[in-house]
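What follows is the residue order along each chain.
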Amino acid sequence: MARRSRHRLLLLLLRYLVVALGYHKAYGFSAPKDQQVVTAVEYQEAILACKTPKKTVSSRLEWKKLGRSVSFVYYQQTLQGDFKNRAEMIDFNIRIKNVTRSDAGKYRCEVSAPSEQGQNLEEDTVTLEVLVAPAVPSCEVPSSALSGTVVELRCQDKEGNPAPEYTWFKDGIRLLENPRLGSQSTNSSYTMNTKTGTLQFNTVSKLDTGEYSCEARNSVGYRRCPGKRMQVDDLNISGIIAAVVVVALVISVCGLGVCYAQRKGYFSKETSFQKSNSSSKATTMSENVQWLTPVIPALWKATVGGSRGQEF
C-alpha cells in the first residue's frame with residue numbers, strides 16, 4: 001500500500017510539472033537569442049532574417065523597427081510605410097532592395113502560433129548597419145601666409161560611415177603622415193592627423209607654397225575636394241620700415257601746419273570775428289529796446305483811454 005501511495009504521489013507531481021511547463025510555454029517569451037548584425041552598403045540590398053520555427057498556415061508574423069517610438073514594418077501580411085515599394089517578404093525574412101542610411105537600426109520579428117496549451121510567441125532581433133561612402137570633404141586652405149608662422153589646414157566629412165581617414169596632397173603628390181620619411185627638399189615641420197583631417201605647419205616656409213587638396217576614404221569609397229592654392233611669402237621688413245617712415249612724415253607735416261597757422265593768427269582772427277559778431281548783436285538789441293521805451297507808454301495810454309471813452 002505504501003508503494004502504491006508513493007507512485008500516486010509521483011504521478012501527481014509529474015502532472016503538475018507538465019502543466020506548469022506548458023503554461024510557461026504558452027504565455028512566456030522564448031529565451032533570448034544571440035542578436036544578428038547585418039551589414040549592407042547604402043543603395044544595395046539587405047536581407048533581415050527571422051530565426052524562428054518553420055512557417056505554418058496558422059502562424060502570425062509581425063516585423064517592428066525599434067527606437068524611441070516603435071513602428072511597424074510588416075503587419076497584417078502587408079509591408080508598411082516606404083518598405084511597400086522597395087522590399088519583399090521571403091517566408092519570415094525581409095529583403096530590402098534599396099537600403100538607405102535611415103534604415104539603420106534594430107528590428108524585431110514576432111511570430112505567434114496556436115498550440116495545445118495556448119498561443120505560443122517567439123521573437124528575434126536583428127541589427128542593420130548601413131555603410132555610407134564619404135561625400136566630397138570640405139577643405140579649409142588659407143590663400144596666403146607669412147613664412148615662419150603657424151598655419152593649419154582643415155578637412156572634414158560628415159556623411160561617411162564608418163568614419164573616414166584623411167590624406168593631404170600637395171600639387172597632386174600625397175604627403176606622408178611622417179614627413180621625415182620623405183624628400184629632404186620638402187618642409188619637414190608639418191603634422192598630419194589622419195583621424196581629424198588637420199594638416200598643421202609649425203613654421204611654414206616659401207617651399208610650402210602650392211596647391212593643396214584632401215581625400216576622405218573608408219571601406220566603402222573615397223572622395224577628394226578641389227585643390228586650393230596657398231601662397232607663402234617672406235616678411236617684407238624693408239617695406240614695413242618704409243611705411244613707418246611715411247606715416248611719421250605725414251604726422252610731422254600736419255604738426256608743422258598747425259604750428260604755422262597758430263603763428264599767423266588764423267585761429268585768433270576767427271575768435272575775434274566771432275566776438276565782433278556777438279557784440280554787434282548785443283548793440284542791435286539795446287538800440288531796439290531804447291526805441292521801444294517811449295513808444296510803449298503811448299500805446300498803453302491810447303489803449304486805456306479808448307476803452308474808457310467807450311464805457312462812458
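Below is a summary of the structure that appears in this document. (Residues numbered from 1 in each chain as written. Predicted model: local features only at pLDDT ≥ 70, side-chain atom pairs only at ≥ 80, totals over all residues. Heavy atoms only, no water.)

## Let's talk about the side chain of Gln36
Mapped onto the secondary structure, Gln36 falls in strand β1 (residues 36-41). Here Ala49 takes part through its backbone oxygen, which lies 2.9 Å from a polar atom of the side chain of Gln36. If sequence neighbours within four positions are ignored, Gln36 has contacts with Ala49, Lys51, Asp124, Thr125, Val126 and Thr127. (Helix = DSSP H or I, 4+ residues; strand = E, 2+ residues; numbered from the N terminus. Polar contact = N/O pair within 3.5 Å; in protein donor to acceptor, adjacent residues only side chain to side chain. Contact = heavy atoms within 4.5 Å.)

## Quick notes on the state of the cysteines
Evaluation of the coordinates by the stated rule reveals three disulfides. Shown here is the disulfide that connects Cys139 with Cys225, its sulfur atoms set 2.0 Å apart. Because the sign of the S-S torsion sets the handedness, a value of about -105° for the bond joining Cys139 and Cys225 places this disulfide among the left-handed ones. Of the two residues, Cys139 is situated in strand β10 (residues 138-140) and Cys225 in the loop between β18 (222-224) and β19 (228-233); the sequence distance between them amounts to 86 residues. Summarising the burial analysis for this pair, Cys139 and Cys225 share the class buried. Through a disulfide, Cys155 is tied to Cys214; the S-S separation comes to 2.1 Å. Around the S-S axis, the bridge from Cys155 to Cys214 shows a dihedral of about -85° and counts as left-handed. Highlighted residues: Cys155 in strand β12 (residues 151-156) and Cys214 in strand β17 (residues 210-217), separated in sequence by 59 residues. In this structure Cys155 comes out as buried when scored by relative accessible area, which is 2%. Here Cys214 falls in the buried class, since its relative accessible area comes to 0%. Here the cysteine-cysteine linkages of the protein are recorded as 1-2, 3-6, 4-5, numbering only bonded cysteines and doing so in sequence order. (Disulfide = S-S within 2.5 Å. Buried < 20%, exposed > 50% of the residue type's maximum accessible area, 1.4 Å probe, protein only.)

## A word on the pattern of salt bridges
In total, this model carries 16 salt bridges according to the counting rule given. A salt bridge links Glu152 to Arg154; the nearest nitrogen and oxygen atoms lie 3.1 Å apart. Where Lys195 meets Glu165, a salt bridge forms, and the shortest distance between an N and an O atom there is 2.8 Å. In this pair, Lys195 sits in the loop between β15 (190-193) and β16 (198-201) while Glu165 sits in strand β13 (residues 165-170), placing the two residues 30 residues apart along the sequence. With relative accessibility at 57%, the residue Lys195 sits in the exposed group. Linked by salt bridges that have partners in common, Arg60, Glu62, Lys64, Arg108, Glu110 and Glu123 make up one network. (Salt bridge = Lys/Arg side-chain N within 4 Å of Asp/Glu carboxyl O.)

## Comments concerning the nonpolar core
Core analysis: the biggest nonpolar cluster contains 23 residues, and Leu48, Trp63 and Leu128 have the highest contact counts within it. Secondary structure elements with two or more residues in this core: β1, β2 (46-48), β3 (60-66), β4 (71-75), β7 (93-96), β8 (105-115) and β9 (118-131). Counting residues in each nonpolar core, the second largest holds 20 residues, with Ala145, Cys155, Leu175 and Tyr212 among its members. (Core = buried A, V, L, I, M, F, W, Y, C linked by side-chain atoms within 4.5 Å.)

## Concerning the pairing of β4
Of the strand pairs in this sheet, β3 and β4 are connected by three bridges, and their pairing is antiparallel. Looking at β4, one finds that Lys64 is bridged to Phe72. Connecting β3 to the antiparallel partner β4 that follows it, the hairpin turn spans four residues. Here two bridges tie β4 to strand β5 (residues 78-79), and the two strands are oriented antiparallel to one another. (Pairing = 2+ DSSP bridges.)

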